[in-house]
Amino acid sequence: EGIKQEHEAVRTAAGIFDVSHMGEILVEGENATVFVQHIFTNDITDQNEGQVLYGLMCYENGTVVDDLLVYKYNNKKYYLVVNASNKDKDFAWMNDNNKFGVTITDKSAIAEVAIQGPTAQVVLQQMTDHDLTQITFFTFAEIKVMGIDAIVSRTGYTGEDGFEVYSHDIVPIWNKMLELGAVPIGLGARDTLRFEATLPLYGNEISDTKNPIESSLGMFVKLDTDFIGRDALKAIKENRKFKSAGIELIDKGIMRHGYKVLNLEGKEIGEVTTGYKLGRAIALALIPVEYKLGDELLIEVRNKQLKAKVVSRKFMNKNYKK
């Protein structure tokens, strides 16, 4: 359909994403809760069975191993969903830090389809007898979809309502979603959608050279818990130098990942982490914390210095069903 058309389909109806390349890792054992808390920046102390939490895994220096979702079955069983490009690295890193005798199993052979958009529930409900209103925001359940065993969660990566369906028999599910009018969405629109919703991408907003505090993900870092990298992140928070901010071009052009951010004197002060033209030319960028909304700066675009300003990171109103 093209990126623009696919983007609009998710914002107005329903789009489906083949995200079978994502990594899934099962953690089991008597000390499963202790282990997951040890490697996870969010606080799982009060996480309920059937609840999903977003957070990060960090190195000792506070930079990011990966961001992930933690699905809790019970205190002895957790299902971790990690980024495709990092799954082998993540699996090895978890095993290297397994000092609690838990069993860590790579379950990435399972397939996954995400359906996102205002009519996502309408489409998926026609495929299951399970009342999908019972799967609330950031929860999951093991149910049958078209009579097929599946794990279904309600998280999303687009700023819209939607579901993730994990199954070893995903093709009939995908085909039925198409038959019911959902539009297949490619990686291009997947990125514009998550960017417009101000959601981070590993390798852009977060990486093994960036930390979650300066990437404006501090709400997912609970420094009163004990996890790998906590002490480094405490120190970074106390002496924070950078933040992730919204940027809008005043001059004509488009900002892209890796472009330099300059002050008005032409000195490099930061970098664009993601940029697109979605009606207006906007970007997320790492810039010094002292910059405020409305402050002007420069973006180096193809050897030209284009004028830009700091704007709110809220590029859209998210439409999650909470």
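Treat the numbers as computed from the prediction; the structure is a model and nothing was measured.

Draft legend 1. A look at the overall build of the chain. Scanning the chain from N- to C-terminus turns up 7 helices and 17 strands. The dimensions of the chain, computed from C-alpha atoms along their principal axes, are 60 × 50 × 30 Å. Intrachain contacts of the chain at a sequence separation of at least 6 include 66% that bridge at least 24 residues. For the chain, the accessible area works out to roughly 14,400 Å², and carbon and sulfur atoms hold 49% of it. For the chain, the distance from the average site of its 38 positive side-chain charges to the average site of its 45 negative ones is 6 Å.

Draft legend 2. How the structure looks around the sheet that holds strand β8 (residues 140–145). Reading across from one edge, β8-β9-β10-β7-β1-β11 is the order of the 6 strands in this open sheet, with mixed pairing throughout. Each having just a single partner strand, β8 and β11 (183–184) make up the two edges of the open sheet. The sheet contact formed by β8 and strand β9 (residues 148–153) spans 6 bridges and is antiparallel. When the sheet's bridge partners are listed, Lys-144 is paired in β9 with Asp-149.

Draft legend 3. Region of interest: the side chain of Glu-248. Within the element layout of this structure, Glu-248 appears in strand β12 (residues 242–249). Owing to a relative accessible area of 17%, Glu-248 belongs among the buried residues under this scheme. One polar contact links Glu-248 to Arg-280, side chain to side chain, over a distance of 2.8 Å. Excluding anything up to four places from it in sequence, Glu-248 contacts Met-255, Arg-280, Ala-281, Ile-282, Ala-308, Lys-309 and Val-311.

Draft legend 4. Just the pairing of strand β16 (residues 296–301), in detail. The pairing of strand β13 (residues 260–262) with β16 spans 2 bridges and is antiparallel. Bridging from a neighbouring strand, Val-261 pairs with Ile-299 of β16. Judged from the 6 bridges that link them, β16 and strand β17 (residues 304–311) form a sheet pairing that is antiparallel. Note that in β17 the partner of Leu-297 across the bridge is Ala-308.

Draft legend 5. Fine view of the packing of aromatic side chains. This structure, assessed with the given rule, holds 12 aromatic pairs. Ring geometry for Tyr-59 and Trp-93: centres 6.4 Å apart, planes at 80 degrees, overall edge-to-face. Highlighted residues: Tyr-59 in the loop between β3 (52–58) and β4 (64–74) and Trp-93 in helix α3 (residues 87–96), separated in sequence by 34 residues. Centre to centre, the rings of Tyr-71 and Phe-140 are 5.0 Å apart; their planes meet at 55 degrees, and the pair counts as tilted. Pair noted here: Tyr-71 is in strand β4 and Phe-140 is in strand β8, with a separation of 69 residues, a long-range link. The class of Tyr-71 is buried, set by a relative accessible area of 0%. Following the ring pairs from residue to residue traces out a cluster consisting of Tyr-71, Tyr-73, Tyr-79, Phe-140 and Tyr-166. Above the plane of the ring of Tyr-73 lies Lys-77, whose end atom (NZ or CZ) is 4.3 Å from the centre.

Quick notes on the rules
- Chains are numbered independently. Their residues run from 1 in the order of the written sequence.
- Predicted model: local features are reported for residues with pLDDT of at least 70 only, side-chain atom pairs are reported and counted for 80 or more only, and whole-chain, interface and lining totals are derived from all residues.
- Each side-chain value is derived from all of the structure's non-hydrogen atoms; neither hydrogens nor water enter the calculation.
- Helix numbers and strand numbers start at the N terminus; a helix is a DSSP run of H or I with at least 4 residues, a strand a run of E with at least 2.
- Contacts were defined at the residue level, with two residues in contact if any of their heavy atoms lie within 4.5 Å.
- For accessible areas, the Shrake-Rupley method is used with a probe of radius 1.4 Å. Any residue's cover is judged against the shown protein chains and nothing else.
- In this count, Lys and Arg are taken as positive residues and Asp and Glu as negative ones, while His and the chain termini are left out.
- Throughout, a charge is located at the NZ atom of Lys, the CZ atom of Arg, the CG atom of Asp or the CD atom of Glu.
- One bridge is not enough; two strands pair if DSSP finds at least two bridges between them.
- Burial here depends on accessible area, computed with a 1.4 Å probe over protein chains only, as a share of the maximum for the residue type. Under 20% is buried, over 50% is exposed, and the range in between is partly exposed.
- N or O atoms within 3.5 Å of each other form a polar contact, as long as, within protein, one can give a hydrogen and the other can take it, and as long as residues adjacent in sequence are counted only when both atoms are side-chain atoms.
- Stacked, tilted and edge-to-face are the three classes assigned to paired rings of Phe, Tyr and Trp, where Trp is represented by its six-membered ring and a pair needs centres within 6.5 Å; plane angles under 30 degrees give stacked, over 60 edge-to-face, the rest tilted.
- In our convention, an over-ring charge means Lys NZ or Arg CZ found within 6 Å of a ring centre and within 35 degrees of that ring's normal.

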